[in-house]
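Each chain, letter by letter, is given below.
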Amino acid sequence: MIKGRSIHKSFGQLNVLKGIDFSVGKGEVVAVIGPSGSGKSTLLRCLNFLEEPTSGDIHFEEQLVSKKNIGKVRQEVGMVFQHFHLFPHLTVLENVTYAPVRVKGVSKDQAAKAGMELLTKVGLKDKCDEYPNRLSGGQKQRVAIARALAMEPKVMLFDEPTSALDPEMVKEVLDVMKALAHSGMTMVIVTHEMGFAREVADRVVFMDDGVILEEGNPVEFFSNPTSTRGKVFLEKIL
Ligand code: ADP
Ligand code: MG
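Predicted, not measured: the structure shown is a model, and the values here were computed from it. (Residues numbered from 1 in each chain as written. Chains lettered and ligands numbered in written order. Predicted model: local features only at pLDDT ≥ 70, side-chain atom pairs only at ≥ 80, totals over all residues. Heavy atoms only, no water.)

K.L.:
Hey, could you run me through the packing of aromatic side chains in this one?
P.N.:
Think of a pair of aromatic rings as described by two things: how far the centres are apart, and how the planes are tilted against each other in angle. The final tally for this structure, using the stated rule, is four aromatic pairs. Taken together, a centroid distance of 5.4 Å and an interplanar angle of 40 degrees make the contact between Phe 206 and Phe 233 tilted. Taken together, the residues Phe 206 in strand β9 (residues 203–208) and Phe 233 in helix α9 (residues 228–237) connect sequence positions 27 residues apart. For the pair shown, Phe 206 and Phe 233 are each scored as buried. When the ring centre of Phe 87 is taken as reference, the NZ or CZ atom of Arg 147 above it lies at 5.0 Å. (Phe/Tyr/Trp six-rings, centres within 6.5 Å; stacked < 30°, edge-to-face > 60°. Helix = DSSP H or I, 4+ residues; strand = E, 2+ residues; numbered from the N terminus. Buried < 20%, exposed > 50% of the residue type's maximum accessible area, 1.4 Å probe, protein only. Lys NZ or Arg CZ within 6 Å of the ring centre and 35° of its normal.)

Below you can see the structure in the form of C-alpha cells.
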C-alpha cells in the first residue's frame, strides 16, 4: 500500500530520519514505537506527505508519489493526531462532513447520511449537533477518527492518538481502533500502548535516533527484543 525507500529527513542541520525503509501492506496493522524524539512523528508525516523527505522515495499503491499526484494521494491517507485538531466552530457532524463536501464534492445530504453512520460506529450519534468544546477528550478523538474515515481513506495513520487522554478514556478510543483493524483497514499507529500494540498489530517497528533498529512479530519483539536499545526501552516503559 505504502512503500518508503531510504527516507532521509533533515531540518536544517538536524538529521531526523537517517535512511528509513518502511512499508505497510494492504490490510496490515503496523505499530511504530520508540523513545521520544526518535523521529516517529516525522516518519508518519513523511508517509502522509505533510513533510517532504529530504531524499528517498515513497510509493503509494505502486505509484511514485510526486508533486503531480500528491493531492490525490493525500485524499487516500487519513490521519489522526494526538491533539485531535477538530474544527472548533463546526458541530460534530459538520466536522465529519466538511472534507467530503468541500474536497470530494459529495452532496450535503449524502455526506450527512454517511457521517451519521460513522458517528454511530464510533458511538457518538447522539453528539452530532454538539460543538467540540462540549466533548471529553475520548469523544473528541473518536470524532477525529470518524472525520478521517469520512474521506474513505485506504490507509489510516495515527500519531499517539491516546497520549493526550485521561486514562479512563484510553480504552474507548483503542476499542474503536481495534474494530477498525478487524474490519481490514490498513493502519500505521505510533503508540505507547504496548498492550494494544501486542494484541492488535501484525508487526511492530522499533525506532531509535532516526533509524529502524528492529521490526517483527509483536509477541516476539515484546518477549525478546534483539537490540540492546529495544531491551532498554521496554524495561523503561513496561
Ligand atoms: P517523535 O515523534 O519520535 O517523538 P519527532 O519526529 O517528533 O519524534 O521529532 C524528531 C526530532 O525532530 C526532534 O528532535 C524534533 O525536535 C525534530 N523536529 C521535528 N519536527 C521538526 C520541525 N518541523 N522543525 C525542526 N525540528 C523538528
Ligand atoms: Mg511524536
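Don't stop here, the text continues.
K.L.:
Which parts of the structure should I look at to understand helix α5 (residues 137–149)?
P.N.:
Structurally, the α-helix is built with 3.6 residues per turn, so residues lying three or four positions apart point the same way. With 13 residues, α5 extends 18 Å from end C-alpha to end C-alpha; this agrees with the ideal 18 Å at 1.5 Å per step. Counted residue by residue, α5 has twelve buried out of 13 residues, so it is predominantly covered. (Expected span 1.5 Å × (residues − 1).)

K.L.:
For this particular structure, what's the right way to read the sheet that holds strand β4 (residues 55–60)?
P.N.:
Within a sheet, each strand pairs with its neighbour through backbone hydrogen bonds, oriented either parallel or antiparallel. Within the open sheet, the four strands sit side by side as β2-β1-β4-β5. Their pairing is antiparallel. Whereas interior strands pair on both sides, the edge strands pair on one side only; in this sheet they are β2 (14–24) and β5 (63–64). The pairing of strand β1 (residues 2–11) with β2 spans eight bridges and is classified as antiparallel. Note on β2: the bridge partner recorded for Gly 4 is Phe 22. Across the sheet, helix α1 (residues 40–47) lies against β1, β2 and β4, angled at about 60 degrees from β2, the strand it touches most. (Pairing = 2+ DSSP bridges. Contact = heavy atoms within 4.5 Å. Axes fitted to C-alpha atoms, helices over the stretch in contact; angles between N-to-C directions.)

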